[in-house]
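The primary structure of each chain is shown beneath.
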Amino acid sequence: RGFCSRCGTRRRRDGRMPRLSDTDRFEASFDKRGPDECWPWSRSGVRDYGRILFNGQRQLAHRVAYELATGSPPADDVEVCHHCDNPACVNPSHLFLGTHADNMRDAAVKGRMRPNPSRGEASSRAKLRADDVRAIRSIRSAEGLSHAVLARRFGVCEQSIKFILDGKTWRSVQ
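Residues numbered from 1 in each chain as written. Predicted model: local features only at pLDDT ≥ 70, side-chain atom pairs only at ≥ 80, totals over all residues. Heavy atoms only, no water.

A. Focus on the pattern of salt bridges. Taken as a whole, this structure holds nine salt bridges when the rule is applied. Linking Asp85 and Arg112 is a salt bridge whose minimum nitrogen-to-oxygen distance equals 3.1 Å. Note that Asp85 is positioned in the loop between strand 3 (79–82) and strand 4 (95–98) and Arg112 in the loop between helix 3 (100–109) and helix 4 (130–143), a separation of 27 residues in sequence. (Salt bridge = Lys/Arg side-chain N within 4 Å of Asp/Glu carboxyl O. Helix = DSSP H or I, 4+ residues; strand = E, 2+ residues; numbered from the N terminus.)

B. Structural context of helix 5 (residues 147–154). Of all the residues in helix 5, the buried ones are Leu150, Ala151 and Phe154. Looking down the long axis of helix 5, one finds its buried residues gathered within 100° of arc, a one-sided arrangement. On its buried face, helix 5 sits against helix 4 and helix 6 (158–166). Directly after helix 5, the chain includes Gly155, whose backbone phi takes a positive value near 70°. (Buried < 20%, exposed > 50% of the residue type's maximum accessible area, 1.4 Å probe, protein only. Arc of directions from axis to C-beta. Contact = heavy atoms within 4.5 Å.)

C. Unusual backbone geometry, seen in detail. Residue Asn55 is not a glycine yet carries a positive backbone phi of 55°. On the basis of relative accessible area, Asn55 is assigned to the exposed category, the value being 51%.

D. Broad picture of the pairing of strand 2 (residues 57–60). When strand 1 (residues 51–54) meets strand 2, the two strands line up antiparallel, connected through four bridges. Within strand 2, the position partnered with Ile52 by the bridge is Gln59. Hairpin connection between strand 1 and strand 2: a loop of two residues separates the two successive antiparallel strands, and Asn55 in this loop has a positive phi of roughly 55°. (Pairing = 2+ DSSP bridges.)

E. Seen up close, the side chain of Arg63. Of note, Arg63 is situated in helix 2 (residues 61–70). Buried within the structure, Arg63 lacks any salt-bridge partner; its nearest side chain of opposite charge belongs to Asp76, at an N-O separation of 4.6 Å. Here Pro74 takes part through its backbone oxygen, which lies 3.4 Å from a polar atom of the side chain of Arg63. (Lys, Arg positive; Asp, Glu negative; His and termini not counted. Polar contact = N/O pair within 3.5 Å; in protein donor to acceptor, adjacent residues only side chain to side chain.)

F. Local environment of the environment of Lys110. With respect to the secondary-structure elements, Lys110 resides in the loop between helix 3 and helix 4. What makes Lys110 partly exposed here is its relative accessible area of 34%. Along the primary structure Lys110 and Asp85 are separated by 25 residues, whereas in three dimensions their C-alpha atoms are 9.0 Å apart. Aside from chain neighbours lying at most four places away, what touches Lys110 is His82, His83 and Asp85.

G. Quick peek at the packing of helix 4 against helix 6. The interhelical angle for the contact between helix 4 and helix 6, taken along N-to-C directions, is 80°, at an axis separation of 10 Å. Between helix 4 and helix 6, the angle falls in the class roughly perpendicular. Touching Val133, Ile136, Arg137 and Arg140 of helix 4 are Ile161, Ile164 and Leu165, all from helix 6. Of the residues assigned to the contact of helix 4 with helix 6, the class counts are five nonpolar, no polar and two charged. (Axes fitted to C-alpha atoms, helices over the stretch in contact; angles between N-to-C directions. Parallel < 35°, antiparallel > 145°, perpendicular 65-115°, else oblique. Nonpolar A, V, L, I, M, F, W, Y, C, P; charged D, E, K, R; others polar.)

H. Structural context of the environment of Leu128. Tracing the backbone shows Leu128 in the loop between helix 3 and helix 4. Sequence spacing of Leu128 and Trp170 is 42 residues, and the spatial spacing of their C-alpha atoms is 9.8 Å. The contacts of Leu128, once residues within four sequence positions are left out, are Glu121, Val133, Ile136, Phe154, Val156, Ile164 and Trp170.

I. Fine view of the environment of Lys32. Within the element layout of this structure, Lys32 appears in the loop between helix 1 (22–27) and strand 1. Once the C-alpha coordinates of Lys32 and Val90 are considered, the two residues, 58 residues apart in sequence, prove to be 8.9 Å apart.

Next up, the structure:
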């Protein structure tokens, strides 16, 4: 009684908590362990990225940790990645800057990428077969039918026809 259960700050005489600075609130929100251990953000789920209101904006906790450790915020187009692969970790020694491609490459090297979902006919959601895709392309080039007509004929939406003809989907089918 009289102290905050999370950070141990003493309540004011009127019973309210004193307003903490953003940095103090941040530092009260994780479990600081050894220098080589993860410092888990305690205000998030088990495997979730922590979030905090910092400098008037809702931000990811590991980005704030990087900013506090280096003195400058990371650029918006740069990701703060984890060496430890623990999204809840805010230990600055576990964080590094990288592009999205760097982060995906790191995940692939560490075996954290999920295998690609089934594509084409192997997908349980596929409405077309490879033969249908070949037919759509040949009918379009021979008869010049509109996307709408082709969509009705093959039982799919016009956007699906457009993506097939533009090579955005079914690229593996020649």
